[in-house]
Amino acid sequence: LRGTGIVSVKALPEGVDLQAGADTEIQASDKLEWQVTVENSGESVETNVIVRATFASGASAKDAQTVEKAITSIEPGEQQSVTLPGPKSPTFGEASVLKIEVVPVPGEEKTDNNRAEYPVKIVF
């Protein structure tokens, strides 16, 4: 059995927990980052697990910003967090969407817990 899944997503530096499907206001900051916690829900050590964040504001969805980072290695049952940079030029006060995806590992069959969307609004 092989697999990974999203455990939680926080907006740093404030440490605001994001909930899929729930609007969240986030204070604007030049230090804004997304902290994504991933769990290895399978029975094998997984390596090079890619975590991807795509941020798009409703006003300029075509200008979506995507970043990704790899978890080098994660043991079965273990949780690890990665921190991804926030958007470089968000539209303040606009309804936006943060999409988080953990790229399925080879042989992973259950992938419904590998992606989530978080409605966010970056405010001053």
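Here, every reference points to the structure presented above.
Computed from a predicted model, the values in this text were never measured in an experiment.

**Quick word on the pattern of salt bridges**
At step 1: Tallying each qualifying case throughout the model produces 8 salt bridges.
At step 2: Salt-bridge contacts for E117 lead to K99; the nearest nitrogen and oxygen are separated by 3.9 Å. One end of the pair, E117, is in strand β9 (residues 115-123); the other, K99, is in strand β8 (residues 96-102), and 18 residues separate them in sequence.
At step 3: In this structure, D112 engages K110 in a salt bridge whose closest nitrogen and oxygen atoms are separated by 3.2 Å. You'll find D112 and K110 in the same group, each marked exposed.
At step 4: The network of salt bridges with shared partners includes R52, E68, E101 and R115.

**Considering the sheet that holds strand β5 (residues 46-57)**
At step 1: With mixed pairing, 5 strands are arranged side by side in an open sheet as β3-β9-β8-β5-β6. In this open sheet, the two edge strands, each paired with only one partner strand, are β3 (24-27) and β6 (65-74). Going across the sheet, the axis of each strand differs from the next one's by a mean of 30 degrees, ignoring polarity.
At step 2: Across 6 bridges, β8 lies against β9 in antiparallel orientation. From the neighbouring strand, L98 faces β9, where its bridge partner is Y118.

**Observations concerning the side chain of E108**
At step 1: With respect to the element layout, E108 can be found in the loop between β8 and β9.
At step 2: Buried charge E108 goes without a salt bridge, the closest partner of opposite sign being K110 at 7.6 Å.
At step 3: Within the structure, E108 has its side chain in polar contact with the backbone nitrogen of T4 (distance 3.2 Å).
At step 4: Discounting chain neighbours no more than four positions away, the residues touching E108 are R2, G3, T4, N113 and N114.

**Observations concerning the sheet that holds strand β4 (residues 33-40)**
At step 1: Taken together, 4 strands build an open sheet; the order of strands is β2-β1-β4-β7 and the sheet is antiparallel. Bordering the open sheet on either side are β2 (16-18) and β7 (79-85), each of which pairs with just one other strand. In this sheet, adjacent strand axes meet at a mean angle of 30 degrees when their direction is disregarded.
At step 2: Pairing between strand β1 (residues 4-12) and β2: 3 bridges, direction antiparallel. Directly across from V9, in β2, lies its bridge partner L18.

**A few points about the pairing of β9**
At step 1: Note that β3 and β9 share 4 bridges and pair parallel. Note that in β9 the partner of I26 across the bridge is I122.

**A word on the environment of E43**
At step 1: Tracing the backbone through its elements, the reader meets E43 in the loop between β4 and β5.
At step 2: Residues E43 and L18, spaced 25 residues apart in sequence, show a C-alpha to C-alpha distance of 28 Å.
At step 3: Excluding residues that lie within four positions of it along the chain, E43 makes contacts with L1 and P76.

Conventions and cut-offs
- Residues numbered from 1 in each chain as written.
- Predicted model: local features only at pLDDT ≥ 70, side-chain atom pairs only at ≥ 80, totals over all residues.
- Heavy atoms only, no water.
- Salt bridge = Lys/Arg side-chain N within 4 Å of Asp/Glu carboxyl O.
- Helix = DSSP H or I, 4+ residues; strand = E, 2+ residues; numbered from the N terminus.
- Buried < 20%, exposed > 50% of the residue type's maximum accessible area, 1.4 Å probe, protein only.
- Pairing = 2+ DSSP bridges.
- Axes fitted to C-alpha atoms, helices over the stretch in contact; angles between N-to-C directions.
- Lys, Arg positive; Asp, Glu negative; His and termini not counted.
- Polar contact = N/O pair within 3.5 Å; in protein donor to acceptor, adjacent residues only side chain to side chain.
- Contact = heavy atoms within 4.5 Å.

Geometric descriptors of this kind do not, in isolation, establish any biological role.
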